[in-house]
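Architecture and fold: a report
Chain by chain, the residues run as shown.
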Amino acid sequence: MNSYIESVNFFKGNNPEDIVKTYGTPLYVYNEEVLRRHMHDVSQVITKYPYTANYSVKANTNIHILKLALEEGNNCDAMSTGEIQMLLKAGFPKDRIFYIPNNVSAEEMKFAIHNGIMTSCDSLSQLELFGSLKGTKCAVRINPGVGAGHCEKVVTGGKKTKFGIAEEDIPQIFEIAKKYNVKIAGINQHIGSCFMDPQPYLDAVTNLLRIALQFEDLEFIDFGGGYGIPYHKLDDEKPFPMEDFKKKLEPILDDFVAKYGKTPLFKSEPGRFCVAEGSVILGRVHAVKQNAGKKYAGTDIGMNVLVRPSMYDSHHDVEVLRNGKPVSRDHLVEQTVTGNICESGDILAKDRLLPEIKEGDLACLLDTGAYGWSMCSTYNSRPRPAEVMICKDGTVKQIRRRETIEDLMMLF
Ligand SMILES: *Cc1c(COP(=O)(O)O)cnc(C)c1O
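Only a predicted model underlies this, so the values are computations on that prediction, with no experimental measurement involved.

**Some points on unusual backbone geometry**
- A cis amide bond links Thr25 with the next residue in sequence, Pro26, at an omega value of -10°.
- Topologically, Pro26 is positioned in the loop between α2 (16-23) and β1 (27-31).
- Phi angles above zero are rare outside glycine, and Lys12 is one such case at about 50°.
- Mapped onto the secondary structure, Lys12 falls in the loop between α1 (4-7) and α2.
- On the accessibility criterion, Lys12 (26% relative accessible area) is partly exposed.
- Here the phi dihedral of Asp351 falls at roughly 45°; this positive angle occurs in a residue that is not glycine.
- Along the chain, the position of Asp351 falls in strand β16 (residues 347-354).
- With a relative accessible area of 33%, Asp351 lands in the partly exposed category.

**Structural notes on the pattern of salt bridges**
- Tallying each qualifying case throughout the model produces 25 salt bridges.
- For Glu250, the salt bridge goes to Lys48, with nearest N and O atoms at 4.0 Å. Here the residue Glu250 occupies a position in helix α10 (residues 242-260), and Lys48 occupies one in the loop between α3 (32-42) and β2 (51-56), the gap between them amounting to 202 residues.
- Note on Glu250: relative accessible area 33%, which makes it partly exposed.

**Overview of the pairing of strand β12 (residues 294-299)**
- In this structure, strand β11 (residues 279-291) lies alongside β12, joined through six bridges in antiparallel fashion. Its bridge partner lying in β12, Asn291 is registered against Lys294.
- Hairpin connection from β11 to β12: two residues lie between these consecutive antiparallel strands, with Ala292 at a positive phi of about 50°.
- One ladder, built from three bridges, connects β12 with strand β15 (residues 333-338); its direction is parallel. Note on β15: the bridge partner recorded for Ala297 is Val337.

**Some remarks on the site of the ligand**
- Around the ligand there are 13 residues in total, and Lys58, Ser193, Glu269, Arg272 and Tyr371 lie nearest to it.
- Residue Gly226 places a main-chain N or O atom 2.8 Å away from an oxygen atom belonging to the ligand.
- Interatomic distance of 2.7 Å between a backbone N/O atom of Arg272 and an oxygen atom of the ligand.
- The residue inventory of the shell around the ligand, partitioned by class, reads three nonpolar, six polar and four charged.

**Quick notes on the packing of α3 against helix α4 (residues 63-72)**
- Where α3 contacts α4, the axes come no closer than 10 Å and their chain directions differ by 45°. Classified by the angle between their axes, α3 and α4 sit oblique to one another. Considering the relative orientation of α3 and α4, their crossing is right-handed. Along its contact with α3, which presents Glu32, Leu35, Arg36, Met39 and His40, the element α4 presents Ile65, Leu68, Ala69, Glu71 and Glu72.
- Within the contact of α3 with α4, the residues separate by chemical class into five nonpolar, one polar and four charged.

**Quick word on the packing of aromatic side chains**
- Taken as a whole and assessed by the stated rule, the structure comprises 17 aromatic pairs.
- Of the aromatic side chains, those joined through ring pairs into one cluster are Phe195, Tyr201, Tyr227, Phe240, Phe245 and Phe273.
- The ring of Tyr260 is capped by Lys262, whose NZ or CZ atom sits 5.7 Å from the centre of that ring.
- Over the ring of Trp373 we find Arg400; its NZ or CZ atom is 3.4 Å from the centre of that ring.

**A few points about the packing of helix α6 (residues 106-114) against helix α7 (residues 124-132)**
- Two numbers describe how α6 lies on α7: the axes approach to 10 Å, and their chain directions differ by 60°. By the angle class used here, α6 and α7 are oblique. The element α6 and its partner α7 pack so that their crossing is right-handed. Residue-level inspection shows Ala106, Met109 and Ile113 of α6 in contact with α7, the latter providing Gln126, Leu129 and Phe130.
- Taken together, the residues that form the contact of α6 with α7 break down as five nonpolar, one polar and no charged.

**Description of the nonpolar core**
- Core analysis: the largest hydrophobic core is formed by 103 residues, its most contacted members being Tyr55, Ile173, Phe215, Ile221, Phe223, Tyr227 and Phe266.
- The residue makeup of this core includes at least three contributed by each of domain 1 (4-29 + 277-409) and domain 2 (32-275).
- In this structure Phe266 touches Ile46, Tyr49, Pro50, Tyr51, Thr52, Leu209, Ile221, Phe223, Leu253, Phe256 and Val257, once residues within four positions along its chain are discounted.
- With 18 residues, the next largest nonpolar core counts Ile5, Leu362, Leu366 and Ala386 among its residues.

Rules used throughout
Residues numbered from 1 in each chain as written. Predicted model: local features only at pLDDT ≥ 70, side-chain atom pairs only at ≥ 80, totals over all residues. Heavy atoms only, no water. Helix = DSSP H or I, 4+ residues; strand = E, 2+ residues; numbered from the N terminus. Buried < 20%, exposed > 50% of the residue type's maximum accessible area, 1.4 Å probe, protein only. Salt bridge = Lys/Arg side-chain N within 4 Å of Asp/Glu carboxyl O. Pairing = 2+ DSSP bridges. Near = heavy atom within 4 Å. Polar contact = N/O pair within 3.5 Å; in protein donor to acceptor, adjacent residues only side chain to side chain. Nonpolar A, V, L, I, M, F, W, Y, C, P; charged D, E, K, R; others polar. Axes fitted to C-alpha atoms, helices over the stretch in contact; angles between N-to-C directions. Parallel < 35°, antiparallel > 145°, perpendicular 65-115°, else oblique. Left-handed = near helix turned anticlockwise from the far one by under 90°. Contact = heavy atoms within 4.5 Å. Phe/Tyr/Trp six-rings, centres within 6.5 Å; stacked < 30°, edge-to-face > 60°. Lys NZ or Arg CZ within 6 Å of the ring centre and 35° of its normal. Core = buried A, V, L, I, M, F, W, Y, C linked by side-chain atoms within 4.5 Å. Domains from an automatic or database assignment.

Structure, rendered in structure tokens:
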């Protein structure tokens, strides 16, 4: 593919140069239609049984994006009391929030209990805490002993991870629940992030449903998130095979419902899938050079703006824009695209074949809506970037102002 942003008309006729003239760079740009479409698509994964796709908000907690999830009918998962507060501010009713924390203090647990927010306990000791704080009904997170994901750091199921309660400890769940008179209303799992092959997830669903048979009277069973998105779209990578996945999932659920004798609410927890493809980052190329025969293009998209490449070795496609138009990919040259942070690990794309980049071009990084702004930092005392939304009608709306150095100084 020569250009993804042209193929989907990402900017809806706006010239990216005009957008950055108003809002500056680096800039997160979202497309409302793409976001809504993904949020809607995940809500249709199970249609035969009661089902909710809970948007896992740690991927992106911009309040305007939470409001889109609210309008699209998604429930949400929060990992912290801060995320719960963001959701409440966005207008989510408490019964549409599921709290899946780990290693939280009594204060944090109390906050959820007092607000009547369904909470998942990640360990036996957190279940004890929940009971001792007079919580009456909760879920438990099971570590199913299997995991999957795009790199080791994002595999969250399996024997070697910190998450969940091991299957062999289930009898102790029942003991603690009985001691405090706590009802176990649901079980949940999350095996990892960004898989493109549905099979490990289907295996994990089958496994969790086998475990579920040990629990009486579950109100819900939550299979976790992790559906991948095609980060290599310029190389024509195919999207997650949602239709194939749905077809294979249904008989697994049929089998369970027949055995269990009733139908709990099924849930999943997609984060990345909902928001990743709905955003790009625009950054200015300020310098190009050669070091030891290697070509570098230096942008203002530092690792503080997008940490995924430095942290996980993640791939983000890069389009080169000149006068606001994608440069043709007919002639490609190996280049390394970097940020402006004083760290040698501050690299966005290493030894990548790209159209030859010139000073003054815009670098457009694709698929930055998930774990993008939400992982931004102010490293090197660089204020965090602004975010704008290309609305359905084509207007450009600022949805978060750029942080200023005064904002940072206010903490002293
Ligand atoms: C992060 C997380 C998710 C979302 O993962 P994605 O890969 O973004 O879909 C879901 N559930 C839990 C418990 C998580 O921690």
